[in-house]
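Residue strings, one per chain:
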Amino acid sequence: YQFDEARKVFDEVAEADPSRRSRMKLFNILCLYGIGQDEKAFAEAKELAKSEAPLAVRAETVLWLAKFSYNRNDWKAALQWFSTYAELEPHSASAPEAFLWAARAAMALMDYAQAVQLVTTLSERYPRSEVVVPAVLVQAESVDMYVKLLQEVESVKSISLIMIQ
């Protein structure tokens, strides 16, 4: 890949057509990621996501931040970014998937109630989405994990009471 050359072209396009500046900024960020400058790409993407860029560019940037965070096991950030994307672009084809991935991030945080709520929201807003079935499986697993957690808490309470007596 010729990321450095592509970055130069994106800079030229941004200079020649200011209306495309934010989109070229996003492309530059993706190039930074492509050449292994992950932290710089992430920092610049966060700035772009919070900027006055057009909604479509901000939304794409937020979705990239969500995926980046998820792949780095930064569940809290991934949950936030996926949720933000779903709210920014509720009519996009990727919105249902954003809810699914947010639910998976919530599960990884052991926030089973939020995972269940995210899947419920997904199912209500996008009942015909192809990700409803895998999302319901995530929801079922969340409920199962929550029940097991409650059982463990009860076991610890029982053991503690026995030890106190």
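Residues numbered from 1 in each chain as written. Predicted model: local features only at pLDDT ≥ 70, side-chain atom pairs only at ≥ 80, totals over all residues. Heavy atoms only, no water.

Let's talk about the nonpolar core
- Counting 43 residues, the largest nonpolar core has W64, L65, W81, F82, L118 and L122 as its most contacted members.
- When residues of this core are traced back to their parent elements, those giving at least two are α2 (21-34), α3 (38-49), α4 (55-71), α5 (75-88), α6 (95-108), α7 (112-125) and α8 (132-164).
- The residues contacting W64, other than those within four sequence positions of it, are I29, L30, Y33, A41, F42 and A45. (Core = buried A, V, L, I, M, F, W, Y, C linked by side-chain atoms within 4.5 Å. Buried < 20%, exposed > 50% of the residue type's maximum accessible area, 1.4 Å probe, protein only. Helix = DSSP H or I, 4+ residues; strand = E, 2+ residues; numbered from the N terminus. Contact = heavy atoms within 4.5 Å.)

Describing the pattern of salt bridges
- Tallied over the entire structure, the rule returns four salt bridges.
- Residues D38 and R72 are paired through a salt bridge, measuring 2.2 Å at the closest nitrogen-oxygen approach. With D38 in helix α3 and R72 in the loop between α4 and α5, the pair connects residues that are 34 residues apart, well separated along the chain.
- A residue is classified by how much of its surface remains accessible, and R72, at 37% relative accessible area, is partly exposed. (Salt bridge = Lys/Arg side-chain N within 4 Å of Asp/Glu carboxyl O.)

Quick word on the packing of aromatic side chains
- Under the criterion given, the structure shown has ten aromatic pairs.
- When the centroid spacing of 5.2 Å and the interplanar angle of 50° are considered together, the rings of F10 and F27 count as tilted. Taken together, the residues span a long stretch of sequence, with F10 in helix α1 (residues 3-16) and F27 in helix α2 at a distance of 17 residues.
- The buried category is assigned to F10, whose relative accessible area is 18%.
- Through successive ring pairs, a cluster of aromatic residues spans Y33, F42, W64 and F68.
- The ring of F68 carries R72 above its face, with NZ or CZ at 4.1 Å from the centroid. (Phe/Tyr/Trp six-rings, centres within 6.5 Å; stacked < 30°, edge-to-face > 60°. Lys NZ or Arg CZ within 6 Å of the ring centre and 35° of its normal.)

So yeah, pure geometry; function would need other evidence.
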